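Coordinate analysis (summary)
One letter stands for each residue in the lines below.
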Amino acid sequence: MTEYVLVTGGAGYIGSHTVVELANGGYHTIVVDNLCNSSEESIRRVEELTSTKVPFIKLDLRDQEALDKVFTDYNIKSVIHFAGLKAVGESTKIPLEYYDCNVTGAVNLLKVMQAHKVPNFVFSSSATVYGDATKYENMIPIPEECPTGPMSPYGRTKLFIEDIIRDAASADPNLKAAILRYFNPIGAHPSGRIGEDPLGIPNNLLPFIAQVAVGRREKLQVFGNDYEGSPDGTPIRDYIHVVDLAKGHLAALSKLDSIKTDGIQGFVREWNLGSGKGSTVFDIIHAFERATGKTIPYDVVARRNGDVLDLTAKPTRANIELKWEVQLSVEQACRDLWNWTTKNPLGYGHEH
Ligand code: UD1
């Protein structure tokens, strides 16, 4: 009987790139997604890129009955859980929707997995769980042992789900979970067929830069250049190519497969997925300009609420235990982003 990897949120940005890598790695995948911030077109393109069939079921994880049916219909061995709301600013406006969607969705998923005795769970967490690591001594670059302290409802949903997974694993010897804390994913698939397609005005730096370059927006706003401790005053982030990030999920699945639990408790471990190299906002603007030959007009404006000085990963644990490390540069990510943007100036083509 064919074994499947269920990918929740598989129509989204990181999810779709991960489905491509899974297919290339010989895995059979099924995608569930409620399409609230993604497009089914991405799945069609993933199928075309990989010459495979990817069964897609439109559902919301809060619909436990519909979810249960997927687990009855398919022989699912592992789950990679991306589905969730992810905009920091929006989460401060509609926090209850964030808790409901992200936390309730994850709890339902874990319950259904338990009912169907599905062992492997890979969770899409975020470096945002660390909050401001600069307030601790010697915690930049950030190791997994760094104390957590998310600064937004969005970040707290990620940390709460991590805690729920840890509690579930303490009680269920069948559960093996990888918590992957992503730093800043950027870029697109080198084919230019799939990429990030934010609805409305992009919140994140690279999609905004790309829309300026393609003429959809006039200027970039740089949110503050008065951060003490940054070489040019702008915040430092660890940007990683989305294809490298996608491959991290395959490394995590292999790791989980190799783990034997003691029959009393399950297994859970956190891994940072980052490059270990920090870039400022100006570094990124210049890298994009070098990669594309375009000039990005910008204004420096006030700081954005909730931004922190430095989120740079210490990725040693993933390097050693998952045998994973980034292979692609920020410049390559900028070239791939530009290729995607010029080929799909309106993304997958829904109304903006
Ligand atoms: C944020 C969240 C992260 C979340 C990610 C995706 C934090 C600390 N991080 O990452 O958890 O997973 O969004 O939604 O909450 N910038 C500008 N102008 C812009 C946009 C961004 O100057 O128009 C700057 C920001 O100030 C920041 C950097 O670019 O210094 C990166 O911003 P962004 O791409 O939004 O990512 P994060 O805030 O790091």
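Residues numbered from 1 in each chain as written. Predicted model: local features only at pLDDT ≥ 70, side-chain atom pairs only at ≥ 80, totals over all residues. Heavy atoms only, no water.

**Points about the overall build of the protein**
Heads up, the condition is: Where helices and strands are cited, they refer to DSSP runs of H or I of at least four residues and of E of at least two residues respectively, numbered from the N terminus. To sort residues, take the accessible area from a 1.4 Å probe on protein chains only and compare it with the maximum for the residue type: under 20% means buried, over 50% means exposed, and anything in between is partly exposed. Between two residues, a contact is recorded if the distance between any of their heavy atoms is within 4.5 Å. Throughout, the Shrake-Rupley method with a 1.4 Å probe supplies accessible areas, and for residues the shown protein chains are the sole cover considered.
Secondary structure assignment for the protein yields eleven helices and 14 strands. A principal-axis box enclosing the C-alpha atoms of the protein has dimensions of 55 × 45 × 40 Å. Across the 352 residues that make up the protein, the buried fraction comes to 54%. Taking contacts inside the protein between residues at least 6 apart in sequence as the whole, the part at least 24 apart equals 80%. Carbon and sulfur atoms make up 49% of the accessible area of the protein, which amounts to about 15100 Å² in all.

**Focus on the pattern of salt bridges**
Heads up, the rule is: When a carboxyl oxygen of Asp or Glu is within 4 Å of a side-chain nitrogen of Lys or Arg, the pair counts as a salt bridge.
Evaluation of the coordinates by the stated rule reveals 23 salt bridges. Two residues, glutamate 47 and lysine 53, come together in a salt bridge whose shortest N-O distance is 3.4 Å. The class for glutamate 47 is buried, based on a relative accessible area of 16%. Each of Glu144, Glu145, Glu162, Asp163, Arg166, Arg181, Glu270 and Arg317 takes part in one network of salt bridges that share partners.

**Concerning helix H5 (residues 95-115)**
Two residues of an α-helix separated by three or four positions point the same way, owing to the 3.6 residues in each turn. For the record, the criterion: Given the number of residues in a helix, its expected span is that number minus one, multiplied by 1.5 Å.
Taking 1.5 Å per residue as the helical rise, H5 with its 21 residues ought to reach 30 Å, and the 29 Å between its terminal C-alpha atoms agrees with that figure. Residues of H5 that are buried include every one of Tyr98, Cys101, Asn102, Val103, Gly105, Ala106, Asn108, Leu109, Leu110, Val112 and Met113, and no others. Against the buried residues of H5 lie strand E1 (4-8), helix H3 (64-73), strand E4 (76-81), helix H4 (88-93), strand E5 (120-126) and helix H6 (153-171). Count one or two residues on from H5 and you reach lysine 117, which has phi positive near 55°.

**Considering the side chain of threonine 29**
By the secondary structure assignment, threonine 29 is in strand E2 (residues 28-33). On the basis of relative accessible area, threonine 29 is assigned to the buried category, the value being 3%. The contact partners of threonine 29, leaving out residues within four places of it in the chain, are Tyr4, Val5, Val7, Val19, Leu22, Lys53, Val54 and Pro55.

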